[in-house]
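Structural characterization, general
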Amino acid sequence: MEYLLIIISAIFVNNIVLTKFLGICPFIGVSNKIKTALGMSGAVAFVMVIATIVTFYIQKLLVSYGIEFLQTITFILVIASLVQMVEIVLKKISPALYQSLGIFLPLITTNCTVLGVAILAVGEPSYGILEAVTFALSNALGYGLALVIFAGLREQLELSNVPEAMKGVPIAFITAGILALAFMGFAGLV
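Report follows, based on the coordinates. It should be emphasised that the depicted structure is a prediction, and the values quoted were computed from it without experimental measurement. All residue numbers refer to position in the chain's written sequence, counted from 1. With pLDDT at 70 or above as the cut-off, local features in this predicted model cover only qualifying residues; side-chain atom pairs require 80 or more to be listed or tallied, and sums for whole chains, interfaces and linings still use all residues. The basis for every side-chain value is the complete set of heavy atoms in the structure, and neither hydrogens nor water enter the calculation.

Attention now goes to the overall build of the protein chain. Along the backbone of the protein chain there are 9 helices and 0 strands. Each helix corresponds to a stretch of at least 4 residues labelled H or I by DSSP, and each strand to a stretch of at least 2 residues labelled E; elements are numbered beginning at the N terminus. Start at the N end of the protein chain and walk to the C end: the helices and strands fall as α-α-α-α-α-α-α-α-α. Restricting the calculation to C-alpha atoms gives the radius of gyration, and the globule rule supplies 2.2 Å times the number of residues raised to the power 0.38. In terms of C-alpha radius of gyration, the protein chain reaches 17 Å, essentially the compact-globule figure of 16 Å for 190 residues. For the protein chain, the spread of C-alpha atoms along the principal axes amounts to about 60 × 45 × 25 Å. Relative accessible area decides the class of each residue, using a 1.4 Å probe on protein chains only: under 20% of the type maximum gives buried, over 50% gives exposed, and in between gives partly exposed. For the protein chain, buried positions account for 43% of its 190 residues. Taking as baseline every contact in the protein chain between residues at least 6 positions apart, the subset at least 24 positions apart corresponds to 77%. The protein chains shown are the only cover counted for residues, whose accessible areas, like all others here, come from Shrake-Rupley with a 1.4 Å probe. Surface summary for the protein chain: the accessible area is close to 9800 Å², and the carbon and sulfur share equals 72%. Positive charges come from Lys and Arg, negative ones from Asp and Glu, while His and the chain ends are left out of the count. Charge positions are represented by NZ for Lys, CZ for Arg, CG for Asp and CD for Glu. Charge separation in the protein chain, taken as the distance between the mean sites of 8 positive and 8 negative side-chain charges, equals 11 Å. In this analysis, two residues are considered to be in contact whenever any of their non-hydrogen atoms come within 4.5 Å of each other.

Listed below in structure tokens is the structure:
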């Protein structure tokens, strides 16, 4: 039951993008097309889960040596290394996806969503490794869900008759706000 609560809470109730406002830059930047949003979601999910696993054990090491003040810089280095690995793999396996992600793939390094989830997962005293991984995977799914829904809405907006002054970023921000309000409807669920 605890795992189900973690999953529902991370995906819907406390969505990392729409309620905690982490990762807004890629949320706005990569959400023009559903295909690109799916690719970004997959890359972020992979990095988020692996980063949480690695940082979970690194945090234990930092605490055992009494140097937990190095948490943030250590986690950033781990995430940057993982992103480099994802970039190399994507370049070999899917050059089209690598090209479509463009500058946003290296931006995962500075994506506060990945760092935020890693810090939140290791900071929860009741979480063991399985709970931390469940938390990371659920947040990745919530991030992906928000990104894909928003990309679908933006694709639909391209076909709609939007006033000239509202086209582009203004209507995207309004749509993101309405989407965030919709996700706030899940607030009493867990």
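After that view, the rundown keeps rolling.
For the rest of this paragraph, the subject is the pattern of salt bridges. The working definition used for a salt bridge is a side-chain nitrogen of Lys or Arg within 4 Å of a carboxyl oxygen of Asp or Glu. With the rule as written, the count across this model stands at 1 salt bridge. Among the salt bridges present, the one from Lys167 reaches Glu164, with a minimum N-O distance of 3.6 Å. Among the residues examined, Lys167 registers a relative accessible area of 44% and is labelled partly exposed. A residue is classified by how much of its surface remains accessible, and Glu164, at 63% relative accessible area, is exposed.

Counting 49 residues, the largest nonpolar core has Leu18, Phe27, Val47, Ile108 and Val114 as its most contacted members. Elements represented by at least two residues in this core include exactly helix 2 (24-29), helix 3 (34-64), helix 4 (71-93), helix 7 (112-123), helix 8 (129-159) and helix 9 (169-184). Counting residues per element, this core draws most heavily on helix 3, which supplies 11 residues. Once residues within four sequence positions are removed from consideration, Ile108 is found in contact with Met40, Ala43, Val44, Val47, Ile79, Val83 and Val114. Among the buried residues, those of types Ala, Val, Leu, Ile, Met, Phe, Trp, Tyr and Cys that are joined through side-chain atoms within 4.5 Å form a nonpolar core.

Ring pairs are drawn from Phe, Tyr and Trp, using the six-membered ring of Trp, whenever the two centres fall within 6.5 Å, and their geometry is named by plane angle: stacked under 30 degrees, edge-to-face over 60, tilted for the rest. Throughout the structure, instances matching the rule amount to 5 aromatic pairs. Ring plane angle 45° and centroid distance 5.0 Å describe the contact between Phe12 and Phe186, whose orientation is recorded as tilted. Taken together, the positions of Phe12 in helix 1 (residues 2-13) and Phe186 in the segment after helix 9 put the pair 174 residues apart, joining distant regions of the chain. Looking at Phe186, the relative accessible area reads 31%, which means it is partly exposed. When the ring of Phe183 is compared with that of Phe186, the centres are 5.8 Å apart and the planes differ by 70°; the resulting orientation is edge-to-face. What makes Phe183 buried here is its relative accessible area of 5%.

Looking at the element boundaries, Ile58 is found in helix 3. It is 8.2 Å that separates the C-alpha atoms of Ile58 and Thr74, two residues lying 16 residues apart in sequence. With sequence-adjacent residues up to four places away left out, Ile58 is seen in contact with Thr74, Phe75 and Val78.

Moving on to a nonpolar patch on the surface. Any residue with relative accessible area above 30% and no salt bridge may belong to a patch, with like charges joined within 9 Å and the nonpolar Val, Leu, Ile, Met, Phe, Trp and Tyr side chains within 5 Å. On the surface, Met1, Leu4, Leu5, Phe186, Leu189 and Val190 cluster together into a nonpolar patch covering about 600 Å² of accessible area. In this fold, Leu189 is placed in the segment after helix 9. With a relative accessible area of 53%, Leu189 lands in the exposed category.

The span you would expect from a helix comes to 1.5 Å times its residue count less one. Taking 1.5 Å of rise per residue, 23 residues should cover 33 Å, and helix 4 covers 33 Å from first to last C-alpha, within 8% of that figure. Listed as buried for helix 4 are Gln71, Thr74, Phe75, Val78, Ile79, Leu82, Val83, Val86, Glu87 and Leu90.

Here we take up the side chain of Thr113. Within the secondary structure layout, Thr113 lies in helix 7. Filtering out sequence-adjacent residues up to four positions away, Thr113 remains in contact with Ile16, Leu22, Gly23, Met48 and Tyr143.

What follows covers the packing of helix 3 against helix 8. Lines fitted to the C-alpha atoms define the axes, with helices restricted to the stretch that makes contact. Angles between their N-to-C directions range from 0 to 180 degrees. Interhelical geometry of helix 3 versus helix 8 gives an angle of 165° and a closest axis separation of 9 Å. Of the possible angle classes, the one that applies to helix 3 and helix 8 is roughly antiparallel. At the point where helix 3 passes helix 8, the crossing takes the right-handed sense. Taken together, the residues of the contact of helix 3 with helix 8 break down into 21 nonpolar, 5 polar and 1 charged. Roughly parallel covers angles under 35 degrees, roughly antiparallel covers those over 145, roughly perpendicular covers 65 to 115, and oblique covers all other angles. Helix crossings fall into two classes, left-handed where the near helix is turned counterclockwise from the far one by less than a right angle and right-handed where it is turned clockwise. The classification used treats Ala, Val, Leu, Ile, Met, Phe, Trp, Tyr, Cys and Pro as nonpolar, Asp, Glu, Lys and Arg as charged, and all other residues, Gly among them, as polar.

Honestly, it's all geometry; don't read function into it.
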